[in-house]
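Here is what each chain is made of, one letter per residue.
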Amino acid sequence: MTKADNIFDSLSQHEYEVLCASLVNRDAPPEMASAMLRRTLVLSLRGKSQPEREEMGKLAMSLSHIYPHAVDAQLVLDYVNHYAISKTASGIEFEVRLEGLVSAGRWPVDDEKRVFGVLFETACRMGSLSIPQVMKQQLSRAPQMAEPDLLSPHFVRLADCRQEDAATVAAALAVGQQMAGFRPMLAGGAMLSAATACMGDVSHLVVTHSTSLVAMLAEKRPELFTPRAVDAILRTSRIHPAWNKDHGILNTLNVLLGVRGNLATAPALIFLADHLFGSYDEDARETAGKLLGEALCLKPDQAFAVADYARYTLGKSDIVSWERRISAVEALKTAAAANPATVTDATILSLACAGSKDGNPDVRDSARDALAKMLPQHGGSRKHAILAATETMKRSANPDHAESARRTLTILLENHPDGADDEAFNVFRENCGPDRPIPVRLQCLKLMFGMIAANPDYASAPFLREIQAMRESEKDPALKLVCEKLFESTLRERPDLCDAFRRNPEPRP
């Protein structure tokens, strides 16, 4: 066997006999053993027939065990290169032989790194599950090569994942996760940046693997994450929303916020506020709520940013999903619990509007529930909220919205309305006129009934005369009955008005 031999030709009978003798006697010189191993490996990939390739593969593995000194880094690299060229070799057989060669070889650290890099690229190209195991063996026998820069060049190349084949990129992310999970120090900023960029990809497969890698890095290398890095991750959710991606981001935040409180930035809290209710399972909702509550307790000033965003979301009912709108209501409640100063007139108005006219009944119910809980700690005026709900009740063609507005007004008015609500009472009086629709007149009368019961000072002699006139002239039985009850109730609440009312009676029509 000489260098002049064509390595792609089958072994001659003489060469075959020499090879077999070297295996039996184990006395081949180093150069001869290296040449035989190289030749049989090539023929195991590029032989003329399947039986020949299988036999050469077996011989090559036997040679590598008997003559391990013949296995050097260049031999492994050449073997991988020949496989890439080969059109006939079995991927499974190639992986088995590659594992045997790498296990047998012992090389300087620089050669280990070269082989490791080639194995990484090959595993990505093939989507191999076994080659990463070989790479772990390398790391175990040469721990000194486990440094952050070892994988950085590969992930720098993946940063612009749109130029790559999706399957190859997904495999690279999966292999990177295996390696960094095995040796966390292999992970560096380049890996995190590439994984974050891939989270914005259009491929579901790439997004799944990149999200999983980011979550693992949060657990293994939280020190890699900066506020800017977290914001970049959150932006990918807005670019291409996906349930599995958002679930992975939530898991990432769950880990990071527990060990890095400074990462509780406004974008992170707003992300949590968006996911307090929705398509997640119950555990995920509880996680988001717990994280948001804990973060706001540590940073109560951030509650204003959360409340502002929640109010904005509630006002976008035409373009925001109902799940996000309920999440906004929950976020307002969480912000109020952490910082009562967020319960402003704007918050009350936002909840009143949502509770009156949101297109989803669950959102309306949730908003009214939040309104009832916040009003006791609200020291400001409810005038604008009352007027907004009144306008909804007055103008809505949807009977459900009109009823929701009435319920909202009931909640707003039952907490002892103050002088700032005089205008609301006057609005109710104006909408009791005969030119208004009967349902609106009926609701306004009921609301005035409740307001006077809560604060009798709203009643006056002119008001009593108006109600008496309505009672006497009204043709609708329901309205007539309410007018009678309102008249009698007002006199009971304000007996002092009896004399004034009698001294200035209204002429009968």
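The model shown is predicted, which means the values in this text are computed figures rather than measured ones. (Residues numbered from 1 in each chain as written. Predicted model: local features only at pLDDT ≥ 70, side-chain atom pairs only at ≥ 80, totals over all residues. Heavy atoms only, no water.)

1. Overview of the overall build of the protein
Next up, step 1: Secondary structure summary: the protein contains 26 helices and zero strands in total.
Next up, step 2: Scaling as 2.2 N^0.38, a compact globule of 509 residues should have a C-alpha radius of gyration of about 23 Å, whereas the protein reaches 38 Å, well beyond that.
Next up, step 3: A buried classification covers 50% of the 509 residues belonging to the protein.
Next up, step 4: For the protein, the proportion of contacts with a sequence separation of at least 24, taken over those separated by at least 6, is 71%.
Next up, step 5: Per element, the accessible surface of the protein, about 23300 Å² overall, is 54% carbon and sulfur.
Next up, step 6: For the protein, the separation between the mean place of its 58 positive charges and that of its 65 negative charges on side chains is 3 Å. (Helix = DSSP H or I, 4+ residues; strand = E, 2+ residues; numbered from the N terminus. Rg over C-alpha atoms; globule rule 2.2 N^0.38 Å. Buried < 20%, exposed > 50% of the residue type's maximum accessible area, 1.4 Å probe, protein only. Contact = heavy atoms within 4.5 Å. Areas by Shrake-Rupley, 256 points an atom, 1.4 Å probe, with all protein chains shown as cover. Lys, Arg positive; Asp, Glu negative; His and termini not counted. Charge placed at Lys NZ, Arg CZ, Asp CG, Glu CD.)

2. Concerning the pattern of salt bridges
Next up, step 1: Within this structure, the stated rule accounts for 21 salt bridges.
Next up, step 2: Taking the shortest distance from any N to any O, the salt bridge between Arg 325 and Asp 358 comes out at 2.8 Å. Here Asp 358 lies in the loop between helix 18 (345-357) and helix 19 (361-374) and Arg 325 lies in helix 17 (residues 322-338), a separation of 33 residues in the sequence. Exposure class is identical for Arg 325 and Asp 358. Each is buried.
Next up, step 3: A salt bridge links Glu 474 to Arg 441; its shortest N-O distance comes to 2.6 Å. Of the two residues, Glu 474 is situated in the loop between helix 24 (461-473) and helix 25 (477-493) and Arg 441 in helix 23 (residues 438-454); the sequence distance between them amounts to 33 residues.
Next up, step 4: Look at Glu 474 and you get buried, because its relative accessible area is 13%.
Next up, step 5: Bridged by salt links that share partners, the residues Glu 330, Lys 333, Asp 369 and Lys 373 form one connected network. (Salt bridge = Lys/Arg side-chain N within 4 Å of Asp/Glu carboxyl O.)

3. As for the packing of aromatic side chains
Next up, step 1: In this structure the tally under the stated criterion is four aromatic pairs.
Next up, step 2: In textbook terms, an aromatic cluster arises when at least three aromatic residues are bridged by ring pairs, as seen for Tyr 79, Tyr 83 and Phe 94.
Next up, step 3: The ring of Trp 107 has Arg 141 lying over it, and the distance from NZ or CZ to the ring centre is 4.9 Å.
Next up, step 4: Across the ring face of Phe 487, the terminal group of Arg 471 is positioned such that the distance to the ring centre comes to 4.3 Å. (Phe/Tyr/Trp six-rings, centres within 6.5 Å; stacked < 30°, edge-to-face > 60°. Lys NZ or Arg CZ within 6 Å of the ring centre and 35° of its normal.)

4. Some points on the environment of Leu 173
Next up, step 1: Structurally, Leu 173 can be placed in helix 9 (residues 166-182).
Next up, step 2: Residue classification places Leu 173 among the buried positions, given a relative accessible area of 0%.
Next up, step 3: Here the alpha-carbon distance between Leu 173 and Val 207, two residues 34 residues apart in the chain, equals 9.8 Å.
Next up, step 4: Discounting chain neighbours no more than four positions away, the residues touching Leu 173 are Phe 155, Ala 195, Cys 198, Val 206, His 209, Ser 210 and Leu 213.

5. A look at helix 16 (residues 303-314)
Next up, step 1: Compared with an ideal rise of 1.5 Å per residue, which puts twelve residues at 16 Å, helix 16 spans 16 Å between its outermost C-alpha atoms and is within 8% of the ideal.
Next up, step 2: When helix 16 is considered as a whole, its buried residues turn out to be Ala 303, Val 306, Ala 307, Tyr 309, Ala 310, Arg 311, Thr 313 and Leu 314. (Expected span 1.5 Å × (residues − 1).)

6. Some points on the confidence of the model for the protein
Next up, step 1: The share of residues in the protein with pLDDT of 70 or more is 93%, and the mean pLDDT across the chain is 85.
Next up, step 2: Contacts from residues 1-5, a stretch scored under 50 in pLDDT, to residues over four places away or in other chains number six contacts. (pLDDT = per-residue confidence, 0-100.)

7. Some words on the environment of Phe 225
Next up, step 1: By the element assignment, Phe 225 lies in the loop between helix 11 (204-220) and helix 12 (227-239).
Next up, step 2: In the structure, Phe 225 is positioned 98 residues away from Glu 323 in sequence and 30 Å away in space, judged by C-alpha atoms.
Next up, step 3: When residues no more than four places from it in sequence are discounted, the contact partners of Phe 225 are Leu 192, Val 214, Leu 217, Ala 218, Val 230, Ile 233, Thr 252, Leu 256, Arg 260 and Leu 263.

8. Quick word on the side chain of Thr 313
Next up, step 1: Secondary-structure assignment places Thr 313 in helix 16.
Next up, step 2: If we skip the residues at most four places from it in the chain, Thr 313 touches Val 320, Arg 324, Arg 325 and Ala 328.

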